[in-house]
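Listed below are the residues making up each chain.
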Amino acid sequence: MILGLETSCDETAAALVTGSGEIRANVVSSQADLHARYGGVVPEVASRRHLELVAPVVREALGEAGATLDDVDTVAVTQGPGLVGALLVGVSAAKALAWARGLPLVPVDHLHGHVASLYLGPDPVEPPFLCLLASGGHTLLLDVREHAGYTVLGTSIDDAAGEAFDKGARLLGLGYPGGREIDRLARDGDPEAFSFPVARLDGLDFSFSGVKTALLYAVRDLGHERAEERKADLAASYQRAIVRALVERTRAAAEAVGHDRIAVVGGVAANSELRESLPGGRFAPLALCTDNAAMIASAGRYGRRLPYPRYLDLDAYASRA
Ligand code: KG4
Ligand code: ZN
């Protein structure tokens, strides 16, 4: 059994996954409420909270699986990218657990983790496929031909798709994190009420700064009261523009590299309009879209295993060099 740990942002998570990809436990403790009053994640607050939560969350995962540390063969942990202080809590906890038991440790890249959410049971997706990874920190189009990695075909040149949702939600006075709030509000709105721009860059890259600015101007032009009245229409139209950009580019990428199978992972994969707009696409299960440790344990099955005790100097990284 693999014990996975994830602390890259504001979720403290631990999971137990078998070598064949069966989830035995998947515990996620979200700090969202703690950060909501600031409208976003405060790194130092996140690190401190991870420190408090990491041991109880591991204990809860073991309990959920009906297992003890004796049943764990490997520890997998998110090494980056993310908030470096937050990552260090998970990396240190993983080192301590692995070292105390003489176990190997697998450092996992968080983005590979999102892709590996597709490799879990009961109905795993097998490469090759085209993968859209859309989260709060990243928007990537990936050519996936093996479990252990992928080739990047395109990325956002400015905001990530989830970030665009979060910033849009903030402009509309909705809560944090904003993606789910916009998704919910959009159901009561008219997606054609406002025409927000869909950026069409050369190649397979994305840009979401234009649509964000367009929403800002629309809210400003309407004025506070009218914007409040038309909040659902604004949310629906804004979501439509983001989803359209994601769907267009994803289809283009699949065609460019000759994949007829499309998969979508990351927090934004939970979006209901996106899920409806790519019929036939494979979406990560809802519980595995946003950050979790089952996906990290899953990626750990294909990563570089560092034998005991050759991981004590392992460092976290905030971004890829
Ligand atoms: O993958 P994730 O949990 O964290 C990162 O690795 O960044 O993604 C979080 C992002 C947030 O920006 C959140 O607003 C977005 O996923 N999100 C959604 C929905 N649920 C979460 N965006 C659109 N619609 C949703 N239903
Ligand atoms: Zn993530």
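These lines cover the structure that appears in this document, whether it is placed above or below. (Residues numbered from 1 in each chain as written. Chains lettered and ligands numbered in written order. Predicted model: local features only at pLDDT ≥ 70, side-chain atom pairs only at ≥ 80, totals over all residues. Heavy atoms only, no water.)

**Observations concerning the overall build of the protein**
Counting secondary structure elements, the protein contains 10 helices and 10 strands. The C-alpha radius of gyration of the protein comes to 20 Å, within 12% of the 20 Å expected for a compact globule of 321 residues. Taking the principal axes of its C-alpha atoms as reference, the protein extends roughly 60 × 45 × 35 Å. The burial tally for the protein puts 53% of its 321 residues in the buried class. (Helix = DSSP H or I, 4+ residues; strand = E, 2+ residues; numbered from the N terminus. Rg over C-alpha atoms; globule rule 2.2 N^0.38 Å. Buried < 20%, exposed > 50% of the residue type's maximum accessible area, 1.4 Å probe, protein only.)

**Overview of the sheet that holds strand β10 (residues 282-283)**
In space, the five strands of this open sheet follow the order β8-β7-β6-β9-β10, with mixed pairing throughout. Looking along the sheet, the strands with just one partner apiece sit at the ends: β8 (149-155) and β10. Direction of pairing for strand β6 (residues 129-134) relative to strand β9 (residues 262-265): parallel, over a ladder of four bridges. Looking across to β9, one finds that Leu130 is bridged to Ile262. (Pairing = 2+ DSSP bridges.)

**Some details on unusual backbone geometry**
In this chain, Gly80 is followed by Pro81 through a cis amide linkage whose omega measures -10°. Mapping Pro81 onto the fold places it in the loop between β4 (74-80) and α3 (84-101). Cis geometry marks the peptide bond from Tyr176 to Pro177, where omega comes out at -5°. Here Pro177 shows up in the loop between α5 (161-171) and α6 (178-186).

**Section: the site of ligand 1**
Looking at ligand 1, there are 19 residues lining it, with Gly136, Asp166, Gly179, Asp183 and Asp291 nearest. A distance of 3.1 Å separates an oxygen atom of ligand 1 from a polar atom in the backbone of Gly162. Between Asn271 and ligand 1, the recorded distance is 3.0 Å, taken from a side-chain N or O atom to a nitrogen atom. Elements with a contribution of two residues or more to the shell around ligand 1: α4 (110-116), α5 and α6. If one sorts the elements of the shell around ligand 1 by residue count, α6 sits on top with four residues. Looking at the shell around ligand 1 residue by residue, the class counts come to four nonpolar, 11 polar and four charged. (Near = heavy atom within 4 Å. Polar contact = N/O pair within 3.5 Å; in protein donor to acceptor, adjacent residues only side chain to side chain. Nonpolar A, V, L, I, M, F, W, Y, C, P; charged D, E, K, R; others polar.)

Structural measurements only, silent on function.
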